[in-house]
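Structural description and commentary
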Amino acid sequence: MGNLRLCDTLVVLDSSHIFETISHHAKEKEYADRSKEFFELINNSSINSVTDRKFLGYVAALLTVTIWAVFLVGTRFAVTTNFTVEEIMVLRLIPASIIMAPYMIKLGVMPPGNRLITKIIFALGASALFPSVLSIGLYYSTASNAGALGPGTLPFWTALIAFLIAGEKPKQSRKFGLFVILFGALVIGIMQFETTYGELTWLGNSLFLLGAALWAIYSVIFRQSGIAPLHGLVIGLFWGSLIFVPFLIAFGNVDFDNKTLYDITHMVILHSFIIGILAMLLFTYAVKKLGAAQTAAFGALTPILALIGGIILLDEIISVSKLFGICLVTAGVLFASGALSFTKK
């Protein structure tokens, strides 16, 4: 009788163990299913988040190159109608400096570098030298030429300056792109020397190339400095307003005669707010989200947008040689930026 009770007890205990085991496995399966659903939700959210960031980066890059093209077309219109280059530069620097004054106080305005020439380029390169040279060039030559010979040749000049200063060597496909850019620039620049009826298109084209080279020097020095883009922006605005603006007022043509408040306001919005501040912030955001190579690839759109804007808004005449040269520069930018490359089989 005692043995029978013992057996019953063992059976009950064994049954309880089996029930607990089954329940444990069921709970584990339920936990595993829920965990799987949770991680799938996280992965889907991460994919959507990455996709959203990429999309916003593409939007920022597209807006940046569009602003660059608007700058070329708008400046060409301004300097060939009722504004001088000096007046545009004053309207570009002063309002932007006032807006960014809090960041000047917060971040500081002393340019980095040990050599005087480095400090000068860092302080005045992006804020004053590059835009003023480009604007003078737009007085003599067309916006479509500026798009190809200015922003379009930046990859070539940047690679050349980086090689001379830092010893950086581009890859084979990028070398090909740089060669194509150079050839396209020669097609536009050298084959279009126009001196008939007092035109100095060749001088404007030369200034576009010079401006792009100055910007490339600034870009390489800026990259080596390691400071944030916003800091670099406020340094340039401060010293451009402190040194360049008084020089322009003293020796340039800055009187704003026959300019209405409406015209001045439009120039301030375009050159100071949109180009001087917004374009820089959008470009920085695009580089952060897409990377430098992908963002630079969007620069290939600048010659095309400037070409379209010049035709539609300024009635510019596009010759076959110019169109061919712009197409070459655009293709070269795609290769030089790494957006296109040769694949090895």
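Look up a bit, the structure's there.
Now for a quick tour of the structure. (Residues numbered from 1 in each chain as written. Predicted model: local features only at pLDDT ≥ 70, side-chain atom pairs only at ≥ 80, totals over all residues. Heavy atoms only, no water.)

Here's the deal with the overall build of the protein chain
Secondary structure assignment for the protein chain yields 13 helices and zero strands. For the protein chain, the residues scored as buried account for 41% of the 345 residues in total. Considering only residue pairs separated by 6 or more positions, the protein chain has 87% of its internal contacts joining residues 24 or more positions apart. As presented, the protein chain carries roughly 19,200 Å² of accessible surface, and 70% of it is formed by carbon and sulfur atoms. (Helix = DSSP H or I, 4+ residues; strand = E, 2+ residues; numbered from the N terminus. Buried < 20%, exposed > 50% of the residue type's maximum accessible area, 1.4 Å probe, protein only. Contact = heavy atoms within 4.5 Å. Areas by Shrake-Rupley, 256 points an atom, 1.4 Å probe, with all protein chains shown as cover.)

Here's the deal with the pattern of salt bridges
Inspection of the entire model under this criterion finds one salt bridge. Taking the shortest distance from any N to any O, the salt bridge between K259 and E87 comes out at 3.2 Å. Note that K259 is positioned in the loop between α9 (229-251) and α10 (261-290) and E87 in helix α2 (residues 85-99), a separation of 172 residues in sequence. Summarising the burial analysis for this pair, K259 and E87 share the class buried. (Salt bridge = Lys/Arg side-chain N within 4 Å of Asp/Glu carboxyl O.)

Overview of unusual backbone geometry
Note on backbone geometry: most residues besides glycine have negative phi, and most peptide bonds are trans. A positive phi is found at N258, a non-glycine position, where the angle reads about 60°. N258 gets classed as exposed once you look at its relative accessible area, which sits at 77%.

A short note on the nonpolar core
By size, the foremost hydrophobic cluster in this structure holds 67 residues, and its most contacted members are L72, F83 and L237. Ranked by residue count, the leading element in this core is α10, at 10 residues. Not counting chain neighbours up to four residues away, the residues in contact with L72 comprise L134, L138, A143, A146, G147, P151, T302 and A306. (Core = buried A, V, L, I, M, F, W, Y, C linked by side-chain atoms within 4.5 Å.)

Brief notes about a nonpolar patch on the surface
A surface patch of nonpolar side chains, amounting to about 610 Å² of accessible area, comprises L62, L301, I304, I308, I311, I312 and L313. Among the elements that line the nonpolar patch, the one with the most residues is helix α12 (residues 301-314), at six residues. Within the element layout of this structure, I304 appears in helix α12. (Patch = residues over 30% accessible without salt bridge, like charges linked within 9 Å, V, L, I, M, F, W, Y side chains within 5 Å.)

A short note on the side chain of T153
Turning to its location among the elements, T153 is positioned in the loop between α5 (143-149) and α6 (154-166). Relative accessible area serves as the criterion here: at 2%, T153 is assigned to the buried category. When sequence neighbours within four positions are dropped, the list of residues in contact with T153 reads A148, I181, A185, L209 and A212.

Considering the packing of α2 against α10
Orientation of α2 relative to α10, taken along the N-to-C sense of each, is 60°, at an axis distance of 8 Å. Overall, the two elements α2 and α10 adopt an arrangement that is oblique. Handedness of the α2/α10 crossing: right-handed. Contacts between α2 and α10 pair I88, L91, R92, P95, A96 and I99 from the former with I264, M267, V268, H271, S272, F273, I275 and I277 from the latter. (Axes fitted to C-alpha atoms, helices over the stretch in contact; angles between N-to-C directions. Parallel < 35°, antiparallel > 145°, perpendicular 65-115°, else oblique. Left-handed = near helix turned anticlockwise from the far one by under 90°.)

Structural notes on the packing of aromatic side chains
In the structure shown here, the tally under the stated rule is nine aromatic pairs. Relative to W239, the ring of F238 lies with its centre 5.1 Å away and its plane at 90°, an arrangement referred to as edge-to-face. In this structure an aromatic cluster arises from ring pairing among F122, F130, W215 and Y218. Across from the ring centre of F83, 5.8 Å away, lies the NZ or CZ of K259, which sits over that ring. (Phe/Tyr/Trp six-rings, centres within 6.5 Å; stacked < 30°, edge-to-face > 60°. Lys NZ or Arg CZ within 6 Å of the ring centre and 35° of its normal.)

Thoughts on the layout of surface pockets
One way to see where empty space is left: roll a probe the size of a water molecule over the atoms. Approximately 1,600 Å³ is the volume attributed to the largest pocket. Forming the boundary of the largest pocket are 50 residues, of which L154, T158, W215, S219 and F283 lie nearest the centre. Here the element with the most residues in the lining of the largest pocket is α10; it accounts for seven residues. For the lining of the largest pocket, the per-class residue count stands at 34 nonpolar, 11 polar and five charged. (1 Å grid on protein atoms, 1.4 Å probe; cavity = no way out; pocket = protein on both sides within 12 Å on 5 of 7 lines; lining within 4 Å. Points joined across faces, edges and corners; volume = space filled by probe spheres on them. Nonpolar A, V, L, I, M, F, W, Y, C, P; charged D, E, K, R; others polar.)

Considering the environment of A143
Within the secondary structure, A143 is located in helix α5. As a C-alpha pair, A143 and G74 span 69 residues in sequence and 8.7 Å in three-dimensional space. Apart from the residues within four sequence positions on either side, A143 is in contact with L72, V73, R76, L138, A306, L314 and E316.

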